[in-house]
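# Per-entry structural report
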Amino acid sequence: MKARILGTLTLLLALVALPGRPVDAATAPTDTPPGQGWYLAVVNHGPRGDYGIEPKRQRLVLVAPDGDQRTLLARRAGGYRNVRLVDWSPDGDTALLLTGREGDSTAITVDVATGHTTRTSLPRNAASVVLAPDGGGLLVAAFGDSSGEPMYRLAWDGTRSRLEARMNAAALPSADGGTLLTNGTGWHQKVVRVLSATDGSVVRRIHVDGHCQPVSWWDDHRALLTCDDDLALLDPATGDLTRLTSRHDRRIGDYGHLDARRIASGLYVEVAGACGYQFLGRKGHDGRVTKVRVPHALGNVLLLGAAADRLVIEHARSCDGSAPRSVIARFDPVSGRERALVRLPRSEDFGSILAYGERQPLGY
């Protein structure tokens, strides 16, 4: 018996020691399924470089509303072995990671309950990927040209079916997964299209007063869009477009609005500053967006979610070199009080963080 155990340990140590071989390890099955207020994130671990952490290891973690972390997957990283989290099914059951280089990438689906992984090779022309809304495979956008980016469905058995329409920049699956919301095929087109998620045919064209593209679903009926440098809400069923923001104060470095959340104290905006810097703003009664001071924020402040009178924010590295500790926090913008849910050590930072129940757009 001792010899068998020693032999098994020797084999495991040899596998771990093999240079250049990525090792994936899943944790034990989860006890509590995720729900509203949960987040899924990639955590990078390694030395700090000029552009943040240079990952040597990565973890896929679930973050509960109280900040408790549960590791679903741990793996070696470095270079083209790094993974990116690109989608999380609205029911919380499946996560989608991408790894590899352009033209030679692999999709990794993770069963959130068990940590079990399945790998799917992607075509060489794949530019972006999300989970197909019906769960039957992947939705892929290929590299395109001036006429837009072709889309197709990739079934789990590798079968590809081309969608009829092309997209430009982003296509957002509807809440029920039956349609895709996207803009026109060119930046000059002032139109939003509703496409069938099955074959890509155009269900409806909605004329808008600018170049708009979808960001996320605001509620059960309306989508949040970026329209030029502003934010707007669109009801695809009625075609009604309502501008959320329309004024920019260059004195505070407001060059555009990327995302928003509404809580009891008002509308809060993720603002694009100079050189890719992002900060938190609040829309006032006069329509102006003013900067909100977040204690201890050195780099970017990103919006993750909201509940009642609190925002959920991330402290992240910014392009000017500011490298704060990576934090997920619950923040009261009225009192300025912040409670950190997760504070990573200096040798770690977050990759992408996705909220439970939110559809992710295909594209960028």
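All values derive from a computational prediction rather than experimental measurement.

To continue, consider the sheet that holds strand S19 (residues 212–217). If you walk across this open sheet you meet the 4 strands as S19-S20-S21-S22, and the pairing is antiparallel. The sheet is open, and its two edges are formed by S19 and strand S22 (240–243), each paired on a single side. Strand-to-strand twist in this sheet, taken as the mean axis angle between neighbours without regard to direction, amounts to 35°. Note that strand S20 (residues 223–227) and strand S21 (residues 230–235) share 5 bridges and pair antiparallel. Paired with Leu225 across the strands is Ala232, a residue of S21.

Grouped together as the largest cluster of nonpolar side chains are 18 residues, with contacts concentrated most on Leu40, Leu60, Leu85, Trp88 and Leu97. Breaking this core down by element, the ones donating at least two residues are strand S2 (39–45), strand S5 (57–63), strand S6 (69–76), strand S7 (83–88), strand S8 (94–101) and strand S9 (104–111). Counting 14 residues, the second largest nonpolar core, distinct from the first, contains Ala41, Val63, Val312 and Leu341.

Our next topic: the pairing of strand S31 (residues 348–355). Strand residues, when the strand is regular, have side chains that alternate between the two faces of the sheet. Counting buried positions along S31 gives 6 out of 8 residues, so the element sits mostly inside the fold. Here 6 bridges tie S2 to S31, and the two strands are oriented antiparallel to one another. Looking at the pairing, Leu40 lines up with Leu354 of S31.

With a phi close to 85°, Ala169 is a non-glycine residue in the positive phi region. Mapped onto the elements, Ala169 comes out in the loop between strand S14 (160–167) and strand S15 (170–173). Residue classification places Ala169 among the buried residues on the basis of a relative accessible area of 0%.

Our next topic: the confidence of the model for the chain. On average, residues of the chain carry a pLDDT of 89, and 91% of them reach 70 or more. In the model, residues 1–22 has pLDDT below 50 throughout and makes 11 contacts with residues more than four positions away in sequence or in other chains.

A separate point is the layout of surface pockets. As a volume, the second largest pocket reaches approximately 690 Å³. Its residues assigned to classes, the lining of the second largest pocket comprises 17 nonpolar, 5 polar and 8 charged.

Evaluation of the coordinates by the stated rule reveals 13 salt bridges. With a shortest N-O distance of 3.8 Å, Arg288 and Asp249 are connected by a salt bridge. Taken as a pair, Arg288 in the loop between strand S25 (278–283) and strand S26 (289–291) and Asp249 in the loop between S22 and strand S23 (257–263) lie far apart in primary sequence, 39 residues in all. Taking the shortest distance from any N to any O, the salt bridge between Asp286 and Arg288 comes out at 3.1 Å. Residue classification places Asp286 among the partly exposed residues on the basis of a relative accessible area of 42%. Residues joined by salt bridges that share partners form a network here, namely Asp249, Arg251, Asp286 and Arg288.

This brings us to the side chain of Thr106. Residue placement: Thr106 occurs in strand S9. With a relative accessible area of 19%, Thr106 lands in the buried category. Setting aside its immediate chain neighbours within four residues, Thr106 contacts Leu97, Leu98, Thr99, Arg119, Thr120 and Leu122.

The subject of this paragraph is the state of the cysteines. As enumerated under the stated definition, the model contains 1 disulfide in all. Residue Cys212 pairs covalently with Cys227 via a disulfide, S to S 2.1 Å. Judged by the sign of its S-S torsion, about 115°, the bond between Cys212 and Cys227 is right-handed. Taken as a pair, Cys212 in strand S19 and Cys227 in strand S20 lie far apart in primary sequence, 15 residues in all. Each member of the pair Cys212 and Cys227 is classed as buried.

So, how was this worked out
Within every chain, residues take consecutive numbers counted from 1 along the sequence as written. Owing to the predicted nature of the model, reporting of local features is limited to residues with pLDDT of at least 70; listing and counting of side-chain atom pairs is limited to 80 or more, with chain, interface and lining totals taken over all residues. Hydrogens and waters are ignored; side-chain quantities use all the structure's heavy atoms. Criterion used throughout: strands pair if DSSP finds at least two bridges between them. Only runs of H or I of at least four residues qualify as helices and only runs of E of at least two qualify as strands under DSSP, and these elements are numbered from the N terminus. An axis is simply a line fitted to the C-alpha atoms; with a helix, the fit covers only the stretch in contact. Between two such axes, the angle follows the N-to-C directions and lies from 0 to 180 degrees. What is meant by a nonpolar core is a set of buried Ala, Val, Leu, Ile, Met, Phe, Trp, Tyr and Cys residues, joined one to another through side-chain atoms within 4.5 Å. Residue burial is assigned from relative accessible area. The probe radius is 1.4 Å, only protein chains are included, and a residue is buried under 20% of its type maximum, exposed over 50%, and partly exposed in between. How sure the predictor is of each residue is captured by pLDDT, a score from 0 to 100. Note on definitions: a residue-residue contact is assigned when non-hydrogen atoms from the two residues lie within 4.5 Å. Residues are said to line a cavity or pocket when one of their atoms sits within 4 Å of a point; the points come from a 1 Å grid over protein atoms alone, cavities being sets where a 1.4 Å probe fits but cannot get out and pockets being open sets with protein on both sides within 12 Å along at least five of seven lines. Grid points are joined across faces, edges and corners, and a volume is the space filled by probe spheres set on the points. As a working rule, the residues Ala, Val, Leu, Ile, Met, Phe, Trp, Tyr, Cys and Pro are called nonpolar, Asp, Glu, Lys and Arg charged, and the rest polar, with Gly in that last group. For this document, the term salt bridge refers to a Lys or Arg side-chain nitrogen within 4 Å of an Asp or Glu carboxyl oxygen. Counting rule for disulfides: a pair of cysteine sulfur atoms within 2.5 Å.

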